[in-house]
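Structural overview
Listed here are the chains, written in short residue letters.
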Amino acid sequence: MEPVLTKNMHPGRGPLNLREYEQAGGYAALRKAIEIGPEATLQLVLDADLRGRGGAGYPAGKKWAALPPYEQSPTPRLIFVNADEMEPGTYKDRFLMEGDPHQLIEGTILAAFACRAALGWIFVRAEYVDPLRILDTALAEAGAAGYLGQNILGSGWDFELHLHSSAGRYMCGEALALLNAMEGSRAIPRSKPPYAANVGAWGLPSIVNNVETFCCVPHIVRNGPEWFKGLGVAKDAGPKIYGISGRVVRPGSYELPIGTTLRELLEVAGGMLPGYEFRAALPGGASSMFMDARELDVPMDFESLKAINVYFGTGSVTVVDDHTCLVGMTHNLQQFFARESCGWCTPCREGLPWLVEILSRFERGIAVREDISLLEELTYQIHDRTFCTLALGAVVSIESGLAKFREEYERHIELGACPYQAGAAR
Amino acid sequence: MLTVEEKADIDREVAESYTRHAACIPALRAVQRHRGWISRETLESVAAYLGMTPAELENIATFYSLIFRHPVGRTVIAVCDSLVCWSLGSESLLQYLEHKLGLRAGETTADKAFTLLRIACLGDCDHAPCLMVNDVQVRNVNEAVLDRILAGEFSPERP
């Protein structure tokens, strides 16, 4: 596949400035959109089957089309770029913001145009110092060139885009919690409905999408939905920034057709480091299920993975090698989720610390048989019983670990120790 | 009392926000850049300037992990302890720092030189393990890199 999202990225040099981005065809999609109008622009995104790249995979066009009729709803309409990237194992949004900031800005302007939004924010986590600096420069360039502000390119349409950096907390990446954080409140979830398209930040119709989702939009507008759909090799459409981390030869971000298999991605990354073997992988960050070696040839897209009961998530793969304890890794995951829980829902606030405690018994070698059934019971009690999906994301690694690697839990009990710490790894 | 410069920084954040209240999180961080941390007096001043009650602002200040409600050291080392960094040795790096600094993660040295924190995934997993020294991201960390950080390389000190 010819690079799409990464076509302007060249190793060893910084991102393109505005002039260079324009020379590479940048902002041509915006001119086209203004020519065809907001409805036709939205239709292109709907027809392209662009699924949100933040993890849940909801079709972006459908989300935008769910906005209430413009004349009968409050204004201004708002658009938010979710750049609060904190899903463990995920760094694709950093890669896109540092690599080609104008691609994100143009995509956001296009989305705002299709949604008839007047105001927008790019919500970047505070720790992303470099993306913040790069976007700040690019936004100033775009404003000075008339791509932002009043009467954009003579269209009569006004759109302001701001940069917002928060102050930590994974919860800010949850779409409705992000709106609470934007309002200057605690990042806690909201009940749905109403959805953000109807009642978002400050009660105004609001759209929240992930960085990578917006980055796809200029290419859809420029090249058309059929072209975009043709890029996927399995059930979903478009290119995808896959990531791969852990003990592989070349960890990193790779743009590949959506639907690439784990085996192919491993090959692109040069395979496992010498002396290490593949055992398992989390395909889309901490909030996804473990895949095992039997699933190496399943296309990694939302639909294909759903068919084997695995969340595609962010498409940022973390590889578990044969020297790494899967139970220990799961314990680490639960520590993350317990710490980042906002405390709003009881099963999450109270349940996750107990999962940490039980898993630590395995790691310390004092777990007993009943601890496995206790894990099963507790994950059942937490699964899908909270306002947002933080707790769901937490328990699926335990559920899938127990389904596919149960013997590893049992081995901890039999040995009375972690087999990896004890140097008894198989 | 906020200084003229601090008020100007807050005003810049308010200009980027939809309401005055909505600027409170970046406003706390802006003032923290001057003072190192947010004391009770600072919190009250910021709240008054934004037209909020201290309780409303405290609700925010205690929720967000990068707003410090206790004094921190001039150099804050935040070690990623999530998934990929964990599997590539972040716990032993944390232990090394705890040993060298004579503290536990979450604490500050007596001379206020260093604070050691755990932090959630820093989004640099292809260069794991990684950490932040104040505002500087450091990749592919090992003990030799930690020694250089402790010797004062990598980052200007905080106030």
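Report follows, based on the coordinates. (Residues numbered from 1 in each chain as written. Chains lettered and ligands numbered in written order. Predicted model: local features only at pLDDT ≥ 70, side-chain atom pairs only at ≥ 80, totals over all residues. Heavy atoms only, no water.)

1. A few points about the overall build of chain A
The secondary structure content of chain A amounts to 17 helices and nine strands. What you see for chain A is a C-alpha radius of gyration of 22 Å, in line with the 22 Å of a compact globule of 426 residues. When each of the 426 residues of chain A is scored for burial, the buried share is 63%. The long-range fraction of contacts in chain A, counting pairs at least 24 apart against all pairs at least 6 apart in sequence, stands at 70%. (Helix = DSSP H or I, 4+ residues; strand = E, 2+ residues; numbered from the N terminus. Rg over C-alpha atoms; globule rule 2.2 N^0.38 Å. Buried < 20%, exposed > 50% of the residue type's maximum accessible area, 1.4 Å probe, protein only. Contact = heavy atoms within 4.5 Å.)

2. Notes on the pattern of salt bridges
Note that side chains of opposite charge can pair when their charged atoms are close. All names here are of chain A. By the definition in use, this model includes 35 salt bridges over all chains. Taking the shortest distance from any N to any O, the salt bridge between Arg116 and Glu71 comes out at 3.9 Å. Residue Arg116 is found in the loop between helix 6 (101-115) and strand 2 (119-124), and its partner Glu71 is found in the loop between helix 4 (60-65) and strand 1 (78-83); the two are separated by 45 residues along the sequence. Residues Arg94 and Glu98 are paired through a salt bridge, measuring 3.1 Å at the closest nitrogen-oxygen approach. (Salt bridge = Lys/Arg side-chain N within 4 Å of Asp/Glu carboxyl O.)

3. Details of the packing of aromatic side chains
Residue and element names in this part refer to chain A. Within this structure, the stated rule accounts for 16 aromatic pairs over all chains. Considering the side-chain rings of Phe113 and Trp157, the 5.2 Å spacing of their centres and the 70° angle between planes classify their relative orientation as edge-to-face. One end of the pair, Phe113, is in helix 6; the other, Trp157, is in the loop between helix 7 (129-144) and strand 3 (160-165), and 44 residues separate them in sequence. Since its relative accessible area comes to 7%, Phe113 is described here as buried. On the basis of relative accessible area, Trp157 is assigned to the buried category, the value being 12%. Between Phe362 and Tyr409, the aromatic rings sit 5.4 Å apart at their centres with planes inclined by 85°, giving edge-to-face as the arrangement. Taken together, the positions of Phe362 in helix 14 (residues 346-364) and Tyr409 in helix 17 (residues 406-415) put the pair 47 residues apart, joining distant regions of the chain. (Phe/Tyr/Trp six-rings, centres within 6.5 Å; stacked < 30°, edge-to-face > 60°.)

4. Describing the sheet that holds strand 4 (residues 206-210) of chain A
Residues and elements named next belong to chain A. Ordered by their spatial adjacency, four strands build an open sheet running 3-2-1-4, and the pairing between neighbours is parallel. The open sheet has two edge strands with one neighbour each: strand 3 and strand 4. Going across the sheet, the axis of each strand differs from the next one's by a mean of 20°, ignoring polarity. In terms of strand pairing, strand 1 meets strand 4 through five bridges, oriented parallel. If you follow Leu78 over to strand 4, its bridge partner there is Ser206. Lying on the sheet, helix 7 is in contact with strand 2 and strand 3; it crosses strand 3 at an angle near 165°. (Pairing = 2+ DSSP bridges. Axes fitted to C-alpha atoms, helices over the stretch in contact; angles between N-to-C directions.)

5. Let's talk about the sheet that holds strand 1 (residues 75-80) of chain B
Residues and elements named next belong to chain B. The four strands are arranged 2-1-3-4 in an open sheet whose pairing can be described as mixed. The outermost strands of the open sheet, each flanked by one partner alone, are strand 2 (114-119) and strand 4 (136-138). The sheet shows a mean angle of 25° between the axes of neighbouring strands, taken without regard to direction. Bridging between strand 1 and strand 2 involves six bridges; their strand directions are parallel. When the sheet's bridge partners are listed, Cys80 is paired in strand 2 with Ile119.

6. A look at the packing of helix 14 of chain A against helix 15 (residues 369-382) of chain A
Residues and elements named next belong to chain A. At a minimum axis separation of 10 Å, helix 14 and helix 15 run at an interaxial angle of 160°. With respect to each other, helix 14 and helix 15 are oriented roughly antiparallel. Here the hand of the crossing between helix 14 and helix 15 comes out left-handed. Here helix 14 contributes Pro347, Gly351, Leu352, Trp354, Leu355, Ile358, Leu359, Arg361 and Phe362 to the contact with helix 15, which in turn contributes Asp371, Ile372, Leu374, Leu375, Leu378, Thr379, Gln381 and Ile382. Its residues placed into classes, the contact of helix 14 with helix 15 shows 12 nonpolar, three polar and two charged. (Parallel < 35°, antiparallel > 145°, perpendicular 65-115°, else oblique. Left-handed = near helix turned anticlockwise from the far one by under 90°. Nonpolar A, V, L, I, M, F, W, Y, C, P; charged D, E, K, R; others polar.)

7. Concerning the nonpolar core
With 94 residues, the main nonpolar core has Phe80(A), Phe337(A), Phe362(A), Leu375(A), Tyr409(A), Val46(B) and Tyr64(B) as its most contacted residues. In contact with Val46(B), not counting residues within four places along its chain, are Leu2(B), Ile10(B), Ala27(B), Leu28(B), Val31(B) and Leu57(B). One finds Ala60(A), Val81(A), Phe113(A) and Phe159(A) within the second-largest nonpolar core, a separate group that totals 59 residues. (Core = buried A, V, L, I, M, F, W, Y, C linked by side-chain atoms within 4.5 Å.)

8. As for empty space enclosed by the protein
Residue and element names in this part refer to chain A. Under the defined criterion, the tally for this structure stands at two cavities of 30 Å³ or more. The calculated volume of the largest cavity comes to roughly 80 Å³. For the largest cavity, the lining is made up of 13 residues, of which Ser341, Cys342, Cys345, Cys348 and Cys388 are closest to its centre. Tallied by class, residues from the lining of the largest cavity come to 10 nonpolar, three polar and no charged. Every residue lining the second largest cavity is listed: Lys7, Asn8, Tyr21, Ala24, Gly25, Gly26, Asp100, Gln103, His219 and Arg222. In the lining of the second largest cavity, the residues fall into two nonpolar, five polar and three charged. (1 Å grid on protein atoms, 1.4 Å probe; cavity = no way out; pocket = protein on both sides within 12 Å on 5 of 7 lines; lining within 4 Å. Points joined across faces, edges and corners; volume = space filled by probe spheres on them.)

9. Digging into the environment of Leu122(B)
In this structure, Leu122(B) sits in the loop between strand 2 and strand 3 (131-133). In this structure, the C-alpha to C-alpha distance between Leu122(B) and Met132(B), residues 10 residues apart in sequence, is 8.3 Å. Apart from residues lying up to four places away in sequence, Leu122(B) is in contact with Arg94(A), Arg125(A), Glu127(A), Tyr128(A), Ala78(B), Cys80(B), Cys130(B), Leu131(B), Met132(B) and Gln137(B).

10. Describing helix 15 of chain A
Think of an α-helix as turning once every 3.6 residues; residues three or four places apart then point the same way. Residue and element names in this part refer to chain A. Helix length check: helix 15, at 14 residues, gives a terminal C-alpha distance of 21 Å against a target of 20 Å (1.5 Å per residue), a fit within 8%. Buried within helix 15 are the following residues: Asp371, Ile372, Leu375, Thr379 and Ile382. An end-on view of helix 15 places all buried positions within 105° of arc, on one side of the element. Residues of helix 15 that are exposed and angled more than 90 degrees away from the buried face: Glu370 and Tyr380. Tucked inside the fold, the buried residues of helix 15 contact helix 14, helix 16 (390-404) and helix 17. Immediately downstream of helix 15, the backbone of Asp384 shows phi near 65°, a positive value. (Expected span 1.5 Å × (residues − 1). Arc of directions from axis to C-beta.)

11. Observations regarding unusual backbone geometry
A cis amide bond, omega 0°, links Pro193(A) with the succeeding residue Pro194(A). Geometrically, the link from Ala128(B) to Pro129(B) is a cis peptide bond, its omega value of -5° lying close to zero. With respect to the element layout, Pro129(B) can be found in the loop between strand 2 and strand 3. Positioned with a positive phi, Arg116(A) is a non-glycine residue whose angle comes to about 60°. Positive phi is not limited to glycine here, since Asn134(B) has a value of about 50°. Along the chain, Asn134(B) falls in the loop between strand 3 and strand 4.

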